[in-house]
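# Examining the three-dimensional arrangement
The primary structure of each chain is shown beneath.
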Amino acid sequence: MPLSEELKARITAEFPKYPERRAVLLTALHFIQEECGGWVSPDVVPELAELLGILPIDVEEVVSFYPMYHPDRVGRFHVQVCTNIACCIRGARGVVRRLEEQLDVLSGEVTEDGLFSIGEVECLGSCGTAPVLMVNNERFVENVSADDVPGLVERLRARAAGGGANGSNGAGGGR
Amino acid sequence: MAFEGYLLPPSGKDWSKIADYKANGGYEGAEKALRSMKPADVVAEVKNSGLRGRGGAGFGAGMKWSFLPQDVQRPRYIACNADESEPGTYKDRQILERNPHQLIEGLLIAAWANTIDAAYVYMRGEYRGPFENLNAAVAEARAAGYLGRNVLGSGLDFDVFVHRGAGAYICGEETGLMESLEGRKGQPRKRPPFPAIAGLWKRPTVINNVETMSHVPHVIRKGADWFKTIGTEKSTGSTIFGVSGQVVRPGAFELPFGTPLREIIFEHAGGLRPGRTLKAVIPGGVSMPVLDAETAMQVNMDHDSLQKVGSLLGTGAVVVFDDTSCMVRAAIIISRFFRHESCGQCTQCREGTGWLHKLMLQVEAGTARKSDLDVVDEITRQMEGKTICALSDAAAWGSGWFLRRFRPEFEAHIDRGGCPHAGTSFEV
Ligand SMILES: Cc1cc2nc3c(=O)[nH]c(=O)nc-3n(C[C@H](O)[C@H](O)[C@H](O)COP(=O)(O)O)c2cc1C
Ligand code: SF4
Ligand code: FES
């Protein structure tokens, strides 16, 4: 799958900010995930590497190093719950459990229809409004409780049905 | 009179728009510095203010700036640390969301002081809202002539770029940050050379935290002498304490250094839930040694006071545990975190973090032996001061001190063959 001209233009527009093209790699991978289904398909790697003047392995090792990049498919809504200290103290484990029940998959898995996946992440920098979760790379949903989970899932399903774009804040809550 | 603070707008207000920021004294510090002060005088003023880094290590900001080569060869950079990933910490986000121009002004003054061409703000990738907010502010500042060519007629060409990370704690370590910004895995570099000599793209680089830079406009506008009237002798100014955990009103409070921890927990954060008692407090993010309740009730929140009681100020992130909490579970989460975030370059760190996490899981399950607990001191000694970066030390302190300060509770798990607080404690 080739990178679209539009995506390439977005990436090259970042070049002037840095003395070396390679510095655009992390930003480019964010763009790719936003526009190509939330993950980094191996198909895009050679072309991206060429655009940045580096080797495919340089891209691959970065993709595997950073938790925000997904070398495998995730759900259209990747629901990530912080399970670090402040969130666990205030019930994050219960939130994960309710998500697992509601979506009928385990943390780390994708639903059969490809709509949802559940992930656990480290501290999101929102400990004063714990527990916190993040859908894809959208604004956080803060002060979330297990009882909020069914409503959240409903809203996301409605967004999918309405064709809501991956990227806008339809998770509800959040600031 | 209650301390009002200067880093954040009054509660409920937002100074993200340049007009609001300027209506409250914004950019006056930059005007003063660029129009009437020599770069060396700015560095001297910051040095004299005693301003210490707010990113965790508390190093003198003016001192750090003075390490850049005096013989100026361009380009030179600022790397501003907005990675904010130390668990418990959410203070920089308050600035990024509600007062982004203050950071830009701080960067501009630092650029003038150190003859800098560009600043890169490395922001953790999860901070979507703060990223958009800071970018909007940068665009406003550019349009208003505070960034770009010949800023304020000073001859300085300077710009700010906001760079997104992708979720790895180690990218908050200053050289991991630089590797990451250059488009690589965030694996810390060996020092020397230090960033002041060879940082971003091997050029002289100033690295400071978001909050550190945000104090700078105030130091310049109101002067070092004013700054030193706030806080303590060796911890000058205010800082933003982020309180989380088992308190009634978690929140971020800007207060002078030296504020009693008891006041922060029981007045600002509303104290504990009815009927609960205090058990433990982490005073500076999970990298810093935990305090027992008695010590926490007596200590003041400044560098010296915390060091005297066997901890460190770190990021000023206060995590509160009441008597329902299991200390072993806390240690499980913290050791799991460091195991996950170790970049793997150094054997002591890679192996040590894994070992600590496994031990904590065994203690919780009641399958560890008491003799295993004795090995912790040996393991953590191996992890401290022997690695490329300080993550290994942090991992050793973070969970090691839970064991040392709450050993009877760890032993109780082993004696009972399981968790004595299973019915009340939070889950991991
Ligand atoms: C593992 C590790 C993680 C760190 N994470 C951060 C961080 O997220 N933000 C930060 O400002 N400093 C962080 N630091 C400290 C930086 O290395 C550096 O000291 C700091 O950015 C310097 O800025 P300051 O002097 O203004 O505090 C971290 C250090 C270590 C060892
Ligand atoms: S101490 Fe740990 S995190 Fe730091 S460089 Fe070594 S292995 Fe990486
Ligand atoms: S611990 Fe969950 S946001 Fe910090």
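Every chain's residues receive numbers from 1 upward, in the order its sequence appears when written. The naming scheme follows written order: chains are lettered A onward, ligands numbered 1 onward. In keeping with the model being predicted, local features are shown solely for residues with a pLDDT of at least 70 and side-chain atom pairs are shown and tallied solely at 80 or more, while totals for entire chains, interfaces and linings include all residues. Neither water nor hydrogens contribute to the side-chain values; these are computed over all heavy atoms in the structure.

## A look at the overall build of chain A
As a reminder of what qualifies: Segments assigned H or I by DSSP are reported as helices when at least four residues long, segments assigned E as strands when at least two residues long, and all are numbered from the N terminus. As defined in this context, the radius of gyration uses C-alpha atoms, and a globule is described by 2.2 Å times the residue total to the power 0.38. Partly exposed describes any residue whose relative accessible area lies between the buried limit of under 20% and the exposed limit of over 50%, with all areas from a 1.4 Å probe on protein chains only and scaled to the type maximum. Note on contacts: a residue pair is in contact if any heavy atoms of the two residues lie within 4.5 Å. Computed with a 1.4 Å probe, the accessible areas rest on the Shrake-Rupley method; for each residue, only the protein chains presented here act as cover. In this tally, Lys and Arg are treated as positive and Asp and Glu as negative; His is ignored, and so are the chain termini. The atom standing in for a charge is NZ when the residue is Lys, CZ when it is Arg, CG when it is Asp and CD when it is Glu.
Along its length, chain A carries seven helices and three strands. The helix and strand sequence of chain A, counted from the amino end, reads α-α-α-α-β-α-α-β-β-α. Its C-alpha atoms give chain A a radius of gyration of 17 Å, within 12% of the compact-globule value 16 Å for 175 residues. In terms of its C-alpha atoms, chain A occupies a principal-axis envelope of roughly 50 × 35 × 25 Å. The 175 residues of chain A split such that 54% are buried. At a minimum sequence separation of 6, the contacts of chain A that also span at least 24 residues come to 63%. Accessible surface computed for chain A: about 7200 Å², of which carbon and sulfur atoms make up 50%. Seen as two clouds, the 16 positive and the 26 negative side-chain charges of chain A have centres 7 Å apart.

## Focus: the site of ligand 2
All names here are of chain B. Put simply, the test is: Nearness is defined per residue: one heavy atom within 4 Å of the molecule or strand is enough. The method works on a 1 Å grid over the protein atoms by themselves. A cavity is a set of points holding a 1.4 Å probe that cannot get out, a pocket is an open set with protein on both sides within 12 Å along at least five of seven lines, and residues with an atom within 4 Å of a point line them. More than half of a molecule's atoms within 2 Å of the grid points is what it takes for that molecule to sit in a cavity or pocket. All residues other than Ala, Val, Leu, Ile, Met, Phe, Trp, Tyr, Cys, Pro, Asp, Glu, Lys and Arg, Gly among them, are scored as polar; the first ten of these are nonpolar and the last four charged.
Surrounding ligand 2, one finds 13 residues, the nearest of these being Cys343, Gln345, Cys346, Cys349 and Cys389. When each cavity is represented as a set of grid points, ligand 2 is found to reside in the second largest cavity. The class makeup of the residues in the shell around ligand 2 is eight nonpolar, five polar and no charged.

## Quick look at the interface of chain A and chain B
We count it as follows: We define buried area as the total accessible area lost by two parts upon association, computed with a 1.4 Å probe and summed across both. Throughout this description, the term salt bridge denotes a Lys or Arg side-chain nitrogen within 4 Å of a carboxyl oxygen of Asp or Glu.
Chain A puts 42 residues into the contact, and the matching count from chain B is 55 residues. Together chain A and chain B conceal approximately 4100 Å² of surface at their shared face, both sides included; 56% is due to carbon and sulfur atoms. Interface area lost by chain A to chain B is led by Phe65(A), Ile85(A) and Ile89(A), which between them contribute 16%. Across the contact surface, chain A and chain B share five salt bridges.

## Digging into the pairing of strand 9 (residues 317-322) of chain B
Residues and elements named next belong to chain B. How we decide: Whether two strands pair depends on DSSP finding at least two bridges between them.
Across the six residues of strand 9, six count as buried, placing the element largely inside the fold. By the alternation rule, side chains of strand 9 split into Ala317, Val319 and Phe321 and Val318, Val320 and Asp322, which are all buried. Relative to strand 9, strand 5 (residues 238-245) runs parallel, the two being bridged by four bridges. Bridging across to strand 9, Ser244 finds its partner in Val319. Two strands pair when backbone bridges link them, and strand 7 (residues 278-282) and strand 9 are joined in this way by four bridges, in the antiparallel orientation.

## Some thoughts on unusual backbone geometry
Residue and element names in this part refer to chain B. With an omega of -5 degrees, the peptide bond between Arg74 and Pro75 qualifies as cis. Relative to the assigned elements, Pro75 resides in the loop between helix 4 (61-65) and strand 1 (77-82). For the peptide bond that leads from Arg191 to Pro192, omega is -5 degrees, which places it in the cis range. Among the secondary structure elements, Pro192 is positioned in the loop between helix 8 (174-181) and strand 4 (205-209).

## Overview of the confidence of the model for chain A
Heads up, the rule is: Across the chain, each position has a pLDDT score giving the predictor's confidence in that residue, from 0 to 100.
Of all residues in chain A, 92% have pLDDT values of 70 or greater, and the mean over the chain is 93. Low pLDDT, under 50, characterises residues 165-175 of chain A; the predicted model gives this stretch 35 contacts beyond four residues in sequence or across chains.

## Section: the domain arrangement of chain B
Residues and elements named next belong to chain B. For clarity, the cut-off: Here the bounds of each domain stem from an automatic or database domain assignment. In protein, a polar contact requires one atom able to donate a hydrogen and another able to accept it; more generally it is a pair of N or O atoms within 3.5 Å, and residues adjacent in sequence count only if both atoms are side-chain atoms.
Assigned domains of chain B: these are domain 1 (13-227), domain 2 (238-322) and domain 3 (327-416). For domain 1 and domain 3, the distance between their C-alpha centres works out to 35 Å. Contact residues are listed per partner, giving eleven residues for domain 1 and eight residues for domain 3. Carbon and sulfur atoms supply 70% of the area that domain 1 and domain 3 bury against each other, a total of about 820 Å² over both sides. Counting every contact that joins domain 1 to domain 3 gives zero salt bridges. Taken together, the links from domain 1 to domain 3 amount to four residue pairs in polar contact (both at pLDDT 80 or more). Residue classes in the side of domain 1 that touches domain 3 are distributed as five nonpolar, two polar and four charged.

## Quick word on the packing of aromatic side chains
Note the threshold: Classification of ring pairs uses Phe, Tyr and Trp, with its six-membered ring standing for Trp, and accepts pairs whose centres are within 6.5 Å; under 30 degrees between planes counts as stacked, over 60 as edge-to-face, and the remaining range as tilted. Throughout this description, the term charge over a ring refers to an Arg CZ or Lys NZ atom that lies within 6 Å of the ring centre and within 35 degrees of the ring normal.
Applying the stated criterion to the full structure yields 22 aromatic pairs over all chains. Between Phe337(B) and Phe338(B), the aromatic rings sit 5.0 Å apart at their centres with planes inclined by 65 degrees, giving edge-to-face as the arrangement. Taken together, the ring pairs in this structure connect Tyr18(A), Tyr77(B), Tyr120(B), Phe161(B) and Trp201(B) into an aromatic cluster. Arg10(A) extends its terminal NZ or CZ atom over the ring of Phe31(A), reaching a point 3.8 Å from the ring centre. Cation over ring: Arg124(B) sits above Tyr127(B), and NZ or CZ is 5.5 Å from the ring centre.

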